[in-house]
Amino acid sequence: MATSNGTANGTPGDALPIWINGKEHTTSTTFPVNSPSTSQIIYHSSSASLKDALSAVDAAEAAFPAWSKTKPIFRRNILLRAADLLEQRLEEAARAQIEETGIPAGVSKGFMVPTAVEGLRDTAGRIAAIMGAIPTAQADGTGAVVWKEPLGVNFGLAPWNAPFILGIRACMYAIAAGNTCVLKGSELSPKCFWIIGDVFHKAGLPAGVLNVIVHRPEDAAEITSAIINHKAVKKINFTGSTAIGRIISEQAGKALKPVLMELGGKASAIVLDDADIELAANECAAGAYLHAGQICMSTERILVHQSILQPFTSALQSALAKFYPASSTAPTLVSSVGKKKNASLLEDAKSHGAQFLYPSDTSEHIDETSAYRMRPIIISGVTKEMQIYHTESFGPSVSLFPIASAAEGIKIANDTQYGLSASVFSKDLARAMAVAKEVESGAVHINGMSVHDEPGLPHGGVKESGWGRFNAEWGLEEFVRTKTVTYKEGKVD
C-alpha cells in the first residue's frame, strides 16, 4: 500500500492511492496537494484517468447483484464497524482535514468527524426499516405487493469543506439501501476521501461496492460526463456549488437519470425585537464565521429589528472579537481563488457605499502575509446593486440589515435564489414558528445558528439550493425505487 503521508519533500514518488474494486490503485498521473495553512505541498495524490473512472463504474456494476441481495443485518454490521473504525481514527482523520482544508482543529475534532461517525451509526440502525406495503387491490381475487428495491450503481460527488460528513453521506445511504457506488472526492482533500475508502473496506465492505476516485481539475468535465452517461449508473447525488450542480443536472436530465442536489446557500438570520440579544449575536457570529464561512449553511445576512440594532451590533462585534481575537491568526480559506472572490465582493460593496463596521479600517480584513487568509468582517448599507447582496460569498463576511418588522425580514430573507438554511431569533416561540413557516428554506433554526446538520433530520434545500434530502429515512428513500406486483389469488378448497 502506498503511504498516506507522502514524502517529506512533496515529490510524487509515493502518491496517495485511489480505491477501485476493493484495492488501492496508484496512477502514473498525479497532482500536488497544498496545505492552505502553510501554502506548501504536503504530498501528491493519484489522479484517476477516464479509464480508471470507467473501471470504477464497471466494478460497482459487477458488485451490485450480490450486494443488492444482502440482508439488512449484514449491511448494518458493516456500517457499525466503519463507525467504530472512524472513531478510533479520529486524530488521523481530523489531522488530514486540518492539513488539507485549513479548518480549525476544534471544529474538525469536535464536530466534523464525530458527526460523520454518528451518521454511520444512525443509518445502520435504520436499514431494516426499509419496507414495502401490501395494499388492497380493487378487483376480486387479485392481490398486490409493493416492493422497495435498490437502484443499481450510484454516482456520488462530494466537496472538500466537510469531506467526512459529505463524503460519507454521498455513498452511505446508497450502500445502506443495497446499491453500489462510485464516490468522486475533491482534489483539495484526497487524503480524507482515501480514509473513507480505507475505513469501509477494513469494515468488511466487499470489493466493488464502494470505489473512491479523485482526479486533476482539468479532467473533471470528461470524467464526470462519462460516469453520468454510463449505462450502469442509475442515480447521481452532488453536493457543491449551484453553478456546477446546474451542469450536472443538465447532463443527468439529458440522460433521464434522477439526481439529488445539495447546492449553495445565502442563509439569513432574522433577529426580532424581542430576541435575546447576546444569544443571537453569539449564534450569528458562529453561523457566519465557522470554518471561515466556507459552509453552504453559513449565515450571510443578519436582518435585525431596528429597535435593537445598536445593542445587537455592539454584541455582534464583541462576539466576533471573542471568536477571532485581533491577536489570533486570521481564518484560512481553502484556496487563493476564494480569498480573491471575497476581496472582490467586499471591494464592490465598498465602492457602492457599504460601510465596514468591523474592522473599521477596510484594509484590516486582508492578510497580506498569506494568499489564503483574511480576517472576518461585518458590513452594513448593503443594497441590491451590490454583488454581495445576491452572491454566496463562501467566506468570512456577513451583511447587517435593519428591518422595521418581521414581515420585512421575511421579504429580504426570501429575496434570493437560494433556500438551504436560515435562523430566527425570538423569545416568543409561537411568533418565531410563524416566521419560520414563511421563510423559503429547507431548514429554519429558531434561536440557533444557521449551520445545523444532524443525522436524524432531513437535510436539503429549495429553489436553487437543490432538491431531494439526505439523512435518516429520507436519505434512504432517495436510493430505492418502488415496484408494484399484482397477482391472481388462488381459491381456498
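An unreviewed UniProt entry lists the protein chain under the name Aldehyde dehydrogenase, with Viridothelium virens given as the organism.

> How do you make sense of the nonpolar core when you look at a structure like this?
Note that soluble globular proteins tend to have their nonpolar side chains buried in a common cluster. Counting residues in hydrophobic clusters, the biggest one holds 89 residues, and the most contacted among them are Leu86 and Ile213. Ranked by residues supplied to this core, first place goes to helix α5 (residues 163-176) with 11 residues. Here this core spans two domains, since at least three of its residues come from each of domain 1 (18-264 + 466-483) and domain 2 (267-446). Those residues in contact with Leu86 that sit more than four places away from it in its chain are Ala93, Val113, Ala116, Val117, Leu120, Phe164, Ile168, Ile195 and Val199. In this structure, Ala292, Met374, Ile377 and Met386 belong to the second largest nonpolar core, which totals 28 residues.

> Just to check I follow, could you spell out the packing of α5 against helix α6 (residues 190-202) for this structure?
Helices that pack against each other are described as a pair by the angle of their axes relative to one another and the distance between those axes. One way to put it is that α5 packs onto α6 with a least axis distance of 10 Å and a crossing angle of 50°. The angle between the axes of α5 and α6 places the two elements in the oblique class. Between α5 and α6 lies a crossing whose hand is right-handed. On the side of α5, the interface is formed by Pro163, Phe164, Gly167, Ile168 and Cys171, while α6 contributes Cys192, Phe193, Ile195, Ile196 and Phe200. Residues belonging to the contact of α5 with α6 are distributed by class as follows: 9 nonpolar, 1 polar and no charged.

> Looking at this model, I keep getting lost on helix α11 (residues 336-351). Mind explaining?
Each full turn of the α-helix corresponds to 3.6 residues, which orients residues three or four apart in the same direction. Over its 16 residues, α11 runs 22 Å from end to end, which matches the ideal 22 Å to within 8%, given 1.5 Å per residue. All of the buried residues along α11 are Gly338, Lys339, Asn342, Leu345, Leu346, Asp348 and Ala349. On its buried side, α11 packs onto β13 (355-358), β14 (377-380), α12 (387-390) and β15 (397-403). Positive phi appears at Gly353, one or two residues downstream of α11, with a value of about 105°.

> Would you take a moment to explain the pattern of salt bridges for this structure?
Pairing between side chains of opposite charge can happen when their charged atoms approach one another. Considering all chains together, one arrives at 23 salt bridges under this definition. Residue Arg89 pairs with Glu92 through a salt bridge whose shortest N-O separation is 2.8 Å. Under the relative-accessibility criterion, Arg89 is labelled buried at 15%. Arg216 is the salt-bridge partner of Glu218, the closest N and O atoms lying 3.6 Å from each other. Since its relative accessible area comes to 56%, Glu218 is described here as exposed. Under the relative-accessibility criterion, Arg216 is labelled partly exposed at 26%. Among the charged side chains, a network of salt bridges with common partners joins Arg89, Glu92, Asp198 and Lys202.

> Help me understand unusual backbone geometry in this model?
Trans peptide bonds make up most of the peptide bonds, and negative phi angles are found at most residues other than glycine. Of note, the phi angle at Asn21 is positive, near 55°, even though the residue is not glycine. Topologically, Asn21 is positioned in the loop between β1 (18-20) and β2 (23-25).

> What should I look at first to understand the packing of aromatic side chains in this one?
The description of an aromatic ring pair rests on the distance of the ring centres and on the angle between the ring planes. Taken as a whole and judged by the stated rule, the model has 4 aromatic pairs. Seen from their ring centres, Trp160 and Phe394 are 6.2 Å apart, and the 85° between their planes marks the pair as edge-to-face. Of this pair, Trp160 sits in the loop between β6 (153-157) and α5 while Phe394 sits in the loop between α12 and β15, and the two are 234 residues apart along the sequence. We classify Trp160 as buried; its relative accessible area is 12%. For Phe394, a relative accessible area of 22% puts it in the partly exposed group. Looking at Lys235, its charged tip hangs above the ring of Phe479, at a distance of 5.2 Å from the centre.

> Honestly, helix α14 (residues 429-438) in this entry has me stumped. Any pointers?
Within α14 the residues assigned to the buried category are Ala432, Val435 and Ala436. Summarising the axial view, the buried residues of α14 lie within an arc of 100°, below the 170-degree limit, and thus occupy one face. Away from its buried face by more than 90 degrees, α14 exposes Ala430, Met433 and Lys437. Structurally, the start of α14 carries an N-cap: the backbone nitrogen of Ala430 is 3.1 Å from a side-chain oxygen of Asp428.

> It is not clear to me how the state of the cysteines should be interpreted in this structure. Could you clarify?
Cysteine pairs can be covalently joined through their sulfur atoms, and such a bond is termed a disulfide. This model, assessed by the stated rule, comprises 0 disulfides. With no disulfide of its own, Cys181 lies 5.3 Å from the sulfur of Cys171, the closest cysteine sulfur. No disulfide involves Cys192; its nearest neighbouring cysteine sulfur is the one of Cys171, lying 14 Å away.

> Could you clarify how one ought to interpret the domain arrangement of the protein chain in this entry?
When the parts come together, some accessible area is lost, and that loss is often what is quoted as the size of the interface. In terms of domain boundaries, the protein chain breaks down into domain 1 (18-264 + 466-483) and domain 2 (267-446). A C-alpha centroid distance of 32 Å is found between domain 1 and domain 2. Listed per partner, the contact involves 19 residues of domain 1 and 16 residues of domain 2. Note on domain 1 versus domain 2: buried area summed over both sides is about 1400 Å², and carbon and sulfur give 65% of it. Counting the contacts that link domain 1 with domain 2 gives 3 residue pairs in polar contact (both at pLDDT 80 or more).

> Help me understand the environment of Gly409, please; the structure alone is not making it clear to me.
With respect to the helices and strands, the residue Gly409 is situated in helix α13 (residues 406-413). Using a relative accessible area of 0% as the deciding quantity, one classes Gly409 as buried. Separated by 44 residues in sequence, Gly409 and Asp453 have C-alpha atoms that sit 24 Å apart. Dropping the residues within four chain positions of it, Gly409 is found in contact with Ile270, Leu303 and Ile403.

> How should the side chain of Ser45 be read in this particular structure?
Turning to its location among the elements, Ser45 is positioned in strand β4 (residues 40-46). Using a relative accessible area of 0% as the deciding quantity, one classes Ser45 as buried. Once residues within four sequence positions are removed from consideration, Ser45 is found in contact with Ala15, Leu16, Thr29, Thr30, Phe31, Val33, Pro190 and Val214.

> What's the story with the confidence of the model for the protein chain in this structure? I'm lost.
Regions with low pLDDT carry predicted coordinates that are not meant to be interpreted in detail. Chain-level pLDDT for the protein chain is 94 on average; 96% of the residues reach the 70-or-more range. This stretch, residues 1-11, has a pLDDT under 50; its non-local contacts, to residues over four places away or in other chains, come to 23 contacts.

Criteria and cut-off values
- Residues numbered from 1 in each chain as written.
- Predicted model: local features only at pLDDT ≥ 70, side-chain atom pairs only at ≥ 80, totals over all residues.
- Heavy atoms only, no water.
- Core = buried A, V, L, I, M, F, W, Y, C linked by side-chain atoms within 4.5 Å.
- Buried < 20%, exposed > 50% of the residue type's maximum accessible area, 1.4 Å probe, protein only.
- Helix = DSSP H or I, 4+ residues; strand = E, 2+ residues; numbered from the N terminus.
- Domains from an automatic or database assignment.
- Contact = heavy atoms within 4.5 Å.
- Axes fitted to C-alpha atoms, helices over the stretch in contact; angles between N-to-C directions.
- Parallel < 35°, antiparallel > 145°, perpendicular 65-115°, else oblique.
- Left-handed = near helix turned anticlockwise from the far one by under 90°.
- Nonpolar A, V, L, I, M, F, W, Y, C, P; charged D, E, K, R; others polar.
- Expected span 1.5 Å × (residues − 1).
- Salt bridge = Lys/Arg side-chain N within 4 Å of Asp/Glu carboxyl O.
- Phe/Tyr/Trp six-rings, centres within 6.5 Å; stacked < 30°, edge-to-face > 60°.
- Lys NZ or Arg CZ within 6 Å of the ring centre and 35° of its normal.
- Arc of directions from axis to C-beta.
- Polar contact = N/O pair within 3.5 Å; in protein donor to acceptor, adjacent residues only side chain to side chain.
- Disulfide = S-S within 2.5 Å.
- Buried area = accessible area lost by both parts, 1.4 Å probe.
- pLDDT = per-residue confidence, 0-100.

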